[in-house]
Amino acid sequence: MALIKLTNASVQIPIYNARSRSLKNRIFKIATGGKLGSDQKGNVYVDALKNLNLEIKNGDRLGIIGHNGAGKTTLLRVLSGAYHPTNGDVLQEGKSASLIHISLGINPEATGRENVFLRGAMLGLGKKKLMNKFKEIIDFCDLGDFIDMPVRTYSTGMKLRLAFAVSTSIAPDILLMDEWLSVGDKEFSIKAEQRLIKLLETTKILVIASHSRALIEKTCNRVIWMENGEIKMEGNPKHICKIYFG
Amino acid sequence: MVKGSYKSVILNWLNLINILSINDIKNRYRRSFIGPFWITISISVTISCIGLVFGSIFGSPMKEFLPFLSVGLIIWLFIGAIIEGGCNAFVSAEELIKQLPVPFFIHTLRVIWHQTIVFSHNILLIPFVMLLFKKAPSLNLLLVIPGFILLLTILTWICIVCAIISTRFRDLPQIISSLLQVGFYVTPVIWMPSMLPDRVGSTLLNANPFYHMIEIVRAPILGNFPTLENWVVCISISIFGWIFTFLIYNKTRKHIAYWL
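Owing to the predicted nature of the structure, the values given are computational and were not obtained by experimental measurement.

Basis of the calculations
- By convention here, each chain's residues receive numbers from 1 onward along its written sequence.
- In the order they appear in the text, chains get letters beginning with A and ligands get numbers beginning with 1.
- Local features in this predicted model are restricted to residues of pLDDT 70 or higher, and side-chain atom pairs are both shown and tallied only at a pLDDT of 80 or more, whereas totals for entire chains, interfaces and linings draw on every residue.
- Secondary structure elements follow DSSP: runs of H or I no shorter than four residues count as helices, runs of E no shorter than two count as strands, and numbering proceeds from the N terminus.
- Note on contacts: residues are paired as contacts if their backbone-placed C-beta atoms lie within 7 Å.
- Taken over C-alpha atoms, the radius of gyration is set against a globule rule of 2.2 Å times the number of residues to the power 0.38.
- With C-beta atoms placed from the backbone, a residue counts as buried when 20 or more other C-beta atoms lie within 10 Å of its own, as exposed when 12 or fewer do, and as partly exposed for counts between those limits.
- Amino acids outside the nonpolar list (Ala, Val, Leu, Ile, Met, Phe, Trp, Tyr, Cys, Pro) and the charged list (Asp, Glu, Lys, Arg) are all regarded as polar, and Gly is one of them.
- The domain boundaries here were taken from an automatic or database domain assignment.
- Buried Ala, Val, Leu, Ile, Met, Phe, Trp, Tyr and Cys residues whose C-beta atoms connect them within 7 Å together make up a nonpolar core.
- Any helix carries an expected span of 1.5 Å times its number of residues minus one.
- The term bend refers to the angle at a residue between two fitted axes, each drawn through seven residues, those ending there and those starting there.
- A pair of strands is labelled paired if DSSP reports no fewer than 2 bridges between them.
- Each axis is a line fitted through C-alpha atoms, taken for helices only over the stretch in contact, and angles between the N-to-C directions span 0 to 180 degrees.
- The pLDDT value expresses, per residue, how confident the predictor is, ranging between 0 and 100.
- Any angle between 65 and 115 degrees counts as roughly perpendicular, while under 35 counts as roughly parallel, over 145 as roughly antiparallel, and the rest as oblique.
- Throughout, a crossing is termed right-handed when the near helix is turned clockwise from the far one, and left-handed when it is turned anticlockwise from it by less than a right angle.

**Student:** Help me get a handle on the overall build of chain A, residues and values and all.
**Tutor:** Looking only at helices and strands, chain A features eight helices and 10 strands. Within chain A, contacts between residues at least 6 apart in sequence are counted, and of these 72% link residues at least 24 apart.

Structure (structure tokens):
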């Protein structure tokens, strides 16, 4: 059973080094980015999310659309548990994993092999579990002898292959993504696509932020449209995409 | 989290801490020939130099002074590195904190474990120093175990508090590093308490928490008993410190990610 429930969740990000006079007693509304505001003490903050109510259940494939700065990434971070809402509550059941930044924690000085363990530990794979999957991961990224070379000697594509192979070796209940992952050359990207689709089959909830209409319509069964940190519209992909993308 | 999987979750966290710390150390010595043993070499050079210079300035017998200096300096460096590392613990882990939903103490324990590994490289030097001056270990050495655990307990909360406050107030690391420099001179590391004039001495010493923290580990290694006062002060620092830490952690936990 997987479930994420946000109740009146708000995120206000304080900015401590921008305590300028002009911002102090005024509230701006700017085109991109959330609303900037200030509290009584004169601290400037960004209203990244405002009073969000959202329930994501088993089987949901939720797409998030919206302009840059609408709060998509912040929402994903809240859903992943990295951000606690400054107001309101989050309830999460089930193991979640994020494919938002697959190269997170990859150390260029360490070898490919060491990085598999490093990245694996961050994904919550224990040593034993990782050992079992190790061969499969190495085979999948197909790096040959380079697996024992420092990652700094890799090409960008090779780095992504490695990061992708480890990051997708988990089986979470909830999967968070920022755009679809496509890595490597033509041959590898087909392989990667299949692996990702297979991973999606076993995940109970998918949340994906995207600017691609085709992707949203293909993958999702539910869409929310974010604007200025609020949900502007919610519904089925076809309907919302029609309004949003025009 | 799913019920019943707490044990595996905790094991995963420990695994993560271990891998990150080892990686931190490896990174530093990645392309060097003798690797982390540079730590041991550099401290032995420092000890020999300080030992020769200050030993002759103070006119203290080397047989007493050098073991005292070696043990004290190694412990002092351990304390200092954890406090300074603590100040950067969250700031330098910004990427991880914003992406990875792991508890914050992982990032501070990473600093503690990293420095403990460094400490274990440094402490290898002590048997050689003892051998050099033909000092046989006594049963008091066993007291080093509770002493070190108590020291770690204190340093762990200091590390967490420093990490939290330095993330919010970026001036703190600068203040702390100057305080540590002063601390080094007012704490008996390169000078021995017996060199102080009687009256001034005991006040200066007993008011200095670093003195007690070092003493509970140093005294047993040198074959002495830490005083009851050393123990009482350290235990109190530990208890009150942890209460303070829990309060501050509870209050700031939800905000730390936004301060980065």
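**Student:** An account of the overall build of chain B is requested, with residue identities and associated values reported.
**Tutor:** Looking only at helices and strands, chain B has 12 helices and zero strands in total. Moving toward the C terminus, one meets the helices and strands of chain B in the order α-α-α-α-α-α-α-α-α-α-α-α. Computed over the C-alpha atoms, the radius of gyration of chain B is 20 Å, within 12% of the 18 Å expected from 2.2 N^0.38 for a compact globule of 260 residues. Considered along the principal axes of its C-alpha atoms, chain B spans approximately 60 × 45 × 35 Å. For chain B, the proportion of its 260 residues judged to be buried stands at 33%. Sequence-distant contacts, at least 24 apart, represent 79% of the contacts inside chain B between residues at least 6 apart.

**Student:** Quick rundown of the interface of chain B and chain A? Include the residues and the values.
**Tutor:** At the interface, 20 residues of chain B touch 25 residues of chain A. Mapped onto the side of chain B that touches chain A, the elements with two or more residues apiece are helix H1 (6-28), helix H4 (94-99) and helix H12 (256-259) of chain B. In terms of residue count, the dominant contributor to the side of chain B that touches chain A is H1 of chain B (eight residues). In terms of residue class, the side of chain B that touches chain A is made up of 10 nonpolar, six polar and four charged.

**Student:** Give a detailed account of the domain arrangement of chain A, specifying residues and quantitative values.
**Tutor:** Residue and element names in this part refer to chain A. Split by domain assignment, chain A resolves into domain 1 (3-94 + 208-245) and domain 2 (112-203). The partner domain 2 presents seven residues to the 10 residues of domain 1 that form the contact. Elements supplying a minimum of two residues to the side of domain 1 that touches domain 2: helix H2 (72-80) and strand S8 (205-209). Considering every element that reaches the side of domain 1 that touches domain 2, the biggest residue donor is H2, with four residues.

**Student:** Help me get a handle on the nonpolar core, residues and values and all.
**Tutor:** For soluble globular proteins, nonpolar side chains are generally found buried alongside one another. Formed by 120 residues in total, the largest nonpolar core has its most connected members in Leu 176 and Val 207 of chain A together with Cys 159 of chain B. When residues of this core are assigned to domains, at least three map to each of domain 1 (3-94 + 208-245) and domain 2 (112-203) of chain A. Residues within four places of Val 207 of chain A in sequence aside, it is in contact with Ile 56, Leu 62, Ile 64, Leu 76, Leu 79 and Leu 176 of chain A.

**Student:** Help me get a handle on helix H4 (residues 127-141) of chain A, residues and values and all.
**Tutor:** Counting along an α-helix, one turn takes 3.6 residues, and residues three or four places apart therefore face a common direction. Residue and element names in this part refer to chain A. Compared with the 21 Å implied by 1.5 Å per residue over 15 residues, the 19 Å span of H4 between its first and last C-alpha is a close match. Within H4, the axis deviates most sharply at Lys 133, by approximately 45°. Considered for burial, the residues of H4 that qualify are Ile 137, Phe 140 and Cys 141. Immediately downstream of H4, the backbone of Asp 142 shows phi near 55°, a positive value.

**Student:** Which residues make up unusual backbone geometry, and what values do they have?
**Tutor:** All names here are of chain A. Positive phi values are uncommon outside glycine, yet Asn 8 reaches one of about 45°. Following the sequence through the fold, Asn 8 ends up in strand S1 (residues 3-15). Positioned with a positive phi, Asn 228 is a non-glycine residue whose angle comes to about 50°.

**Student:** Explain the sheet that holds strand S6 (residues 96-98) of chain A to me, and be specific about the residues and the numbers.
**Tutor:** The strands making up a sheet are joined through hydrogen bonds of the backbone, oriented either antiparallel or parallel. Residue and element names in this part refer to chain A. The strand order across the open sheet formed by six strands is S6-S7-S8-S4-S9-S10, and the pairing between neighbours is mixed. Each end of this open sheet is capped by a strand with a single partner; those strands are S6 and strand S10 (230-235). Strand-to-strand twist in this sheet, taken as the mean axis angle between neighbours without regard to direction, amounts to 20°. In terms of strand pairing, strand S9 (residues 222-227) meets S10 through five bridges, oriented antiparallel. Looking across to S10, one finds that Met 226 is bridged to Ile 231. Contacting strand S4 (61-66), S9 and S10, helix H8 (residues 237-245) crosses the sheet at an angle of about 30° to S9.

**Student:** Help me get a handle on the confidence of the model for chain B, residues and values and all.
**Tutor:** Averaged over chain B, the pLDDT score is 89; the fraction of residues at 70 or greater is 98%. Reported for the predicted complex are a pTM of 0.87 and an ipTM of 0.80.

**Student:** Can you lay out the environment of Trp 231 of chain B for me, pointing to particular residues and giving the numbers?
**Tutor:** All names here are of chain B. Within the secondary structure, Trp 231 sits in helix H11 (residues 228-252). Residue Trp 231 is classed as partly exposed on the basis of its C-beta count, with 18 C-beta atoms lying within 10 Å. Separated by 111 residues in sequence, Trp 231 and Ser 120 place their C-alpha atoms 23 Å apart. Excluding residues that lie within four positions of it along the chain, Trp 231 makes contacts with Ile 216 and Pro 226.

**Student:** Provide a residue-level description of the packing of helix H7 (residues 144-168) of chain B against helix H10 (residues 209-221) of chain B, including the pertinent values.
**Tutor:** All names here are of chain B. Across the interface, H7 lies against H10 with an axial gap of 8 Å and an inter-helix angle of 160°. Taken together, the axes of H7 and H10 are roughly antiparallel relative to one another. In the crossing of H7 with H10, the sense of the turn from one axis to the other is left-handed. Residue-level contacts link Val 144, Gly 147, Phe 148, Leu 150, Leu 151 and Ile 154 of H7 to Met 213, Ile 216, Val 217, Pro 220 and Ile 221 of H10. Grouping the constituent residues of the contact of H7 with H10 by class yields 10 nonpolar, one polar and no charged.

**Student:** Explain the environment of Val 166 of chain A residue by residue, including any values.
**Tutor:** All names here are of chain A. Tracing the backbone through its elements, the reader meets Val 166 in helix H5 (residues 156-167). The exposure class assigned to Val 166 is buried, which follows from the 29 C-beta atoms found within 10 Å. Each C-alpha atom of the pair Val 166 and Lys 242 lies 36 Å from the other, and the pair is 76 residues apart in sequence. Residue contacts for Val 166: discarding those within four places in its chain leaves Val 116, Arg 119, Gly 120 and Ile 137.

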